[in-house]
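Structure assessment
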Amino acid sequence: MQEPSVPRIGDEVVRRYLARLDEPGRPGVNLATLVRLHERHVRRVPYHNLDIRLGLPTDVDPAGNAARLADGDAGYCFHLNGAFAALLAALGFDVTLHRGQVKKAPALPDGVEFANHLTMTVTVEGRRWFVDVGLGDGLLGPVPLRPGVVRQPPLTFGFARTAWGWRFTHDPRGSFTVMDWEDRPAQPQEFAAAHRLLSTAPGSTFVRRFIVTNRGPGEVVWSLVDRLLTRIDGDGVHRRALTTFDEWRRELEDTFLLRLDDRHAAGLRGLWQRLPRHPGSAAG
């Protein structure tokens, strides 16, 4: 018998995780709940690689990451989507994990050659939904799984059926070009090798750059790459270089809602000093 793709988490972790999403009780298993929790997740739980830049070890275990997020931490796709999948499964949703590949260059081969992204689908009320809280500057809410164009202001996305599964096309102002993902179910351990590589290889974007992203209040997407703060809204793209450590840390806490515990705070000033003073464009 095949093991379930999403490990179960305990009631106490569920309670703390829901509290972080401002959900006072155990919600019903329905589309309204899925939409509400997804939106609150991308607004309240930032996408970041702070642990990687500070040399703090993490893994791809959904249950462990759900406990970390429930206690105020965050991370990148393997942590965020794995944890959210565990929460949804514990609430009773039908969740399936999938191998994905985020691509910055359109010329890269089609399909999933290297699973650098964990994504998921959720079946609820008789329909499959694409659910992803780990794309950084990606989805605000779940999307019905069908080809077409989806607008979630200020961004617009495209979806297409492919031979291997599906293709998500990002807004031209986004941090990457496309994300291909396989329709076949995946197991959490299939992402362990990719996580080790992305979090340790000298050439990895996550090792070379500091990245944090979230959906702000209203129709706004925020990102910070090294010292460059970017805001995307209905008026366009606005960038501003941060010039002091205090300003940078204030943005992390106030704009991105980053919860800095003692492990993070200890290495934060050293990280600031290592960041390039003239960062390039945002990376996802």
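An unreviewed UniProt entry lists the protein chain under the name Arylamine N-acetyltransferase, from Micromonospora antibiotica. UniProt annotates the protein chain under Sequence similarities (unreviewed entry) with the comment "Belongs to the arylamine N-acetyltransferase family."

**Some points on the pairing of strand β8 (residues 165–169)**
Note: strand β7 (residues 155–161) against β8, 4 bridges, orientation antiparallel. Residue pairing in the sheet places Ala160 in a bridge with Arg167 of β8. Where β8 lies against strand β9 (residues 178–182), 5 bridges are found, and the strand directions are antiparallel. Residue pairing for β9: Gly165 is matched across the bridge by Glu182.

**Section: empty space enclosed by the protein**
Scanning all chains against the criterion turns up 2 cavities of 30 Å³ or more. Of the pockets and cavities examined, the second largest cavity occupies roughly 30 Å³. Around the second largest cavity, the lining residues are Arg20, Pro46, His48, Gly72, Asp73, Ala74, Leu257, Leu258 and Arg259. Residue composition of the lining of the second largest cavity, by class: 4 nonpolar, 2 polar and 3 charged.

**Concerning the sheet that holds strand β3 (residues 117–124)**
If you walk across this open sheet you meet the 8 strands as β5-β4-β3-β2-β9-β8-β7-β6, and the pairing is antiparallel. Looking at strand neighbours, the two that pair on one side only are β5 (143–144) and β6 (148–152), the edges of this open sheet. Sitting on the sheet, helix α5 (residues 77–91) touches β2 (94–103), β3 and β4 (127–131), and the angle it makes with β3 is about 20°.

**So, the nonpolar core**
Residues Tyr17, Phe78, Phe84, Leu88, Val95 and Met120 are the most contacted members of the largest nonpolar core, which totals 50 residues. The biggest single contributor to this core is α5, with 12 residues. Once residues within four sequence positions are removed from consideration, Met120 is found in contact with Asn81, Phe84, Ala85, Leu88, Val95, Thr96, Leu97, His98, Trp129, Phe130 and Val131. Leu54, Leu242, Phe245 and Trp248 belong to the second largest nonpolar core, which has 20 residues in total.

**Here's the deal with the packing of aromatic side chains**
Taken as a whole and judged by the stated rule, the model has 13 aromatic pairs. Judged by centre distance (4.8 Å) and plane angle (75°), the ring pair of Tyr76 and Phe206 falls under edge-to-face. Placement of the pair is Tyr76 in the loop between α4 (62–70) and α5 and Phe206 in helix α7 (residues 205–208), with a sequence separation of 130 residues. The buried category is assigned to Phe206, whose relative accessible area is 9%. Measuring from centroid to centroid gives 6.0 Å for Phe245 and Trp248, while their planes differ by 40°, and the two rings are tilted. Here Phe245 and its partner Trp248 are both found in helix α8 (residues 245–254), 3 residues apart, which amounts to about one turn of the helix. According to the relative accessible area criterion, Phe245 is buried, its value standing at 9%. Through successive ring pairs, a cluster of aromatic residues spans Phe130, Phe157, Phe159, Trp166, Phe168, Phe176 and Trp181. Its guanidinium or amino end placed over the ring of Trp272, Arg227 lies 3.6 Å from that ring's centre, counting from NZ or CZ.

**What to know about the environment of Asp171**
Turning to its location among the elements, Asp171 is positioned in the loop between β8 and β9. Once the C-alpha coordinates of Asp171 and Arg127 are considered, the two residues, 44 residues apart in sequence, prove to be 25 Å apart. Those residues within four positions of Asp171 in sequence are excluded, and the remaining contacts are Pro154, Leu155, Thr156, Phe157 and Phe176. At 2.9 Å, the side chain of Asp171 and the backbone nitrogen of Thr156 are in polar contact.

**What about the layout of surface pockets?**
Empty space within the largest pocket amounts to approximately 360 Å³. Lining of the largest pocket is provided by 21 residues; of these, Val102, Lys104, Asn116, Leu198 and Phe206 occupy positions nearest its centre. When residues of the lining of the largest pocket are traced back to their parent elements, those giving at least two are β2, α6 (192–200) and α7. The dominant element in the lining of the largest pocket, judged by the number of residues it contributes, is β2, at 3 residues. Looking at the lining of the largest pocket residue by residue, the class counts come to 10 nonpolar, 9 polar and 2 charged.

**A short note on the pattern of salt bridges**
Enumeration over the complete set of coordinates arrives at 24 salt bridges. A salt bridge links Lys103 to Asp180; its shortest N-O distance comes to 2.7 Å. In this pair, Lys103 sits in strand β2 while Asp180 sits in strand β9, placing the two residues 77 residues apart along the sequence. Considered together, Lys103 and Asp180 belong to a single accessibility category, that of buried residues. A single salt-bridge network, built from bridges that share partners, covers Asp51, Arg68, Asp73, Asp261 and Arg263.

What counts and how
Residues numbered from 1 in each chain as written. Predicted model: local features only at pLDDT ≥ 70, side-chain atom pairs only at ≥ 80, totals over all residues. Heavy atoms only, no water. UniProt positions renumbered as here; feature names shortened; annotations may be inferred. Pairing = 2+ DSSP bridges. Helix = DSSP H or I, 4+ residues; strand = E, 2+ residues; numbered from the N terminus. 1 Å grid on protein atoms, 1.4 Å probe; cavity = no way out; pocket = protein on both sides within 12 Å on 5 of 7 lines; lining within 4 Å. Points joined across faces, edges and corners; volume = space filled by probe spheres on them. Nonpolar A, V, L, I, M, F, W, Y, C, P; charged D, E, K, R; others polar. Contact = heavy atoms within 4.5 Å. Axes fitted to C-alpha atoms, helices over the stretch in contact; angles between N-to-C directions. Core = buried A, V, L, I, M, F, W, Y, C linked by side-chain atoms within 4.5 Å. Buried < 20%, exposed > 50% of the residue type's maximum accessible area, 1.4 Å probe, protein only. Phe/Tyr/Trp six-rings, centres within 6.5 Å; stacked < 30°, edge-to-face > 60°. Lys NZ or Arg CZ within 6 Å of the ring centre and 35° of its normal. Polar contact = N/O pair within 3.5 Å; in protein donor to acceptor, adjacent residues only side chain to side chain. Salt bridge = Lys/Arg side-chain N within 4 Å of Asp/Glu carboxyl O.

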